[in-house]
Each structure stands twice: as C-alpha cells, then as structure tokens.
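Report on the structure
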Amino acid sequence: QVQLVESGGGLVQAGGSLRLSCAASGSIFRINAMGWYRQTPGKQRELVASITSGGNTKYADSVKGRFTISRVNAKNTVYLQMNSLKPEDTAVYYCNAVVVPPATLVVRDYWGQGTQVTVSS
C-alpha cells in the first residue's frame, strides 16, 4: 500500500501565500507523475498542477504565474507554492501520485486525504 500525507493548508488573507507538501510512503518502485487537485462543494475535482518525474509541469490557467509545483524524487515529495492567493482559490486540495509498485509494476493512482485552503477577502 501507498500513503500520501499532506500538510500546509490553512487560512490566509487574499494576496498571501501558502506552501503545501505531500509525502508518499509505502510500497513504491517508482512514482511517475505527482500533482495537486482541488475541489469545492458541488463541483468536480479539478487539476491545479502536475509534475512528471523528469520535471515537466502543467498548470491550470487560473493559477499560472501564481502557483509553482516542484518535487524531490529522492523523498517522494511534491510541493505546491501558492502566491497571490485569491478567495476563489478556496478549496480542499488533494495530492495525487501515479505509482508503480514493486510487486506488480502496474501503475496505480493514489490520493491524499485532502487539506483545506481558505482565502479570506
């Protein structure tokens, strides 16, 4: 099994910054892509940013220029630096990892438990 543990959410005023972290542990041979998604009540979970093991990144248009995703492969950890936060960034943020386990080598998605980010106006 694989566990993803997130940290760094909280309450911040508009214009402020937060840094989310997500560490993966467990039965891991390799992690392909890692990413952050967010969800608000009544809406579908949406991709915020993703990063491959080679460092290629992808961002939602709404966060380009404000958020930066990074990862440390040796630590199986991904980060999301969020600057210039807006009230519309308020959501539960979920970490995602596309993991190759050593036993089967069959790729599988794993999700963190979610961390609340609230941006006040």
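Nothing here was measured: the structure is a model prediction, and the numbers come from that model. (Residues numbered from 1 in each chain as written. Predicted model: local features only at pLDDT ≥ 70, side-chain atom pairs only at ≥ 80, totals over all residues. Heavy atoms only, no water.)

Side note on the packing of aromatic side chains
To be explicit about the condition: Stacked, tilted and edge-to-face pairs are distinguished by plane angle, under 30 degrees for stacked and over 60 for edge-to-face with tilted covering the rest, among Phe, Tyr and Trp rings (Trp via its six-membered ring) whose centres lie within 6.5 Å. The helix count covers DSSP runs of H or I at least four residues long, the strand count covers runs of E at least two residues long, and both are numbered beginning at the N terminus. The buried label applies to any residue whose accessible area, calculated with a 1.4 Å probe on protein chains only, is under 20% of its type's maximum; exposed applies above 50%, and partly exposed to all values in between. We call a charge positioned over a ring when the NZ of a Lys or the CZ of an Arg lies within 6 Å of the ring centre and within 35 degrees of the ring normal.
Applying the stated rule across the entire model yields 1 aromatic pair. Relative to W111, the ring of Y37 lies with its centre 5.0 Å away and its plane at 65°, an arrangement referred to as edge-to-face. Linking Y37 in strand β4 (residues 30-39) with W111 in strand β10 (residues 108-111), this pair joins segments that are 74 residues apart in sequence. Take Y37: its relative accessible area is 22%, and that puts it in the partly exposed class. The aromatic ring of Y79 is capped on one face by R19, whose charged end is 4.1 Å from the ring centroid. For R45, the ring lying beneath its charged end belongs to W111, and the centroid distance is 4.7 Å.

Description of the environment of L18
Here is the rule: Contacts between residues were defined by any pair of non-hydrogen atoms, one from each residue, lying within 4.5 Å.
Tracing the sequence through the fold places L18 in strand β3 (residues 18-26). Of the residues examined, L18 reaches a relative accessible area of 15% and is grouped as buried. In this structure the C-alpha to C-alpha distance between L18 and N96, which are 78 residues apart in sequence, comes to 18 Å. Beyond its immediate stretch of four places on either side in the chain, L18 contacts G8, G10, V12, L80, Q81, M82, L85 and V117.

Considerations on the state of the cysteines
What counts, and what does not: Here, a disulfide means two cysteine sulfur atoms that sit within 2.5 Å of each other.
A complete count under the given rule lists 1 disulfide for this structure. At a sulfur-sulfur separation of 2.1 Å, the disulfide partner of C22 is C95. Across the S-S bond of C22 and C95 the torsion is about -80°, and the bridge reads as left-handed. In this pair, C22 is assigned in strand β3 and C95 in strand β9 (residues 91-100), connecting sequence segments 73 residues apart. Classification of C95 by relative accessible area gives buried; the value is 0%.

Topic: the pattern of salt bridges
Our working definition: In the sections that follow, a salt bridge refers to a side-chain nitrogen of Lys or Arg positioned within 4 Å of a carboxyl oxygen of Asp or Glu.
In the structure shown here, the tally under the stated rule is 4 salt bridges. D89 is paired through a salt bridge with R38; the nearest N and O atoms lie 3.0 Å apart. Here D89 is found in the loop between β8 (77-82) and β9, whereas its partner R38 is found in strand β4, with 51 residues between them in sequence. For the pair D89 and R38, one class covers both residues: buried. Because the salt bridges share partners, they merge into one network encompassing R38, E46, R66 and D89.

Taken by themselves, the reported measurements are silent on function.
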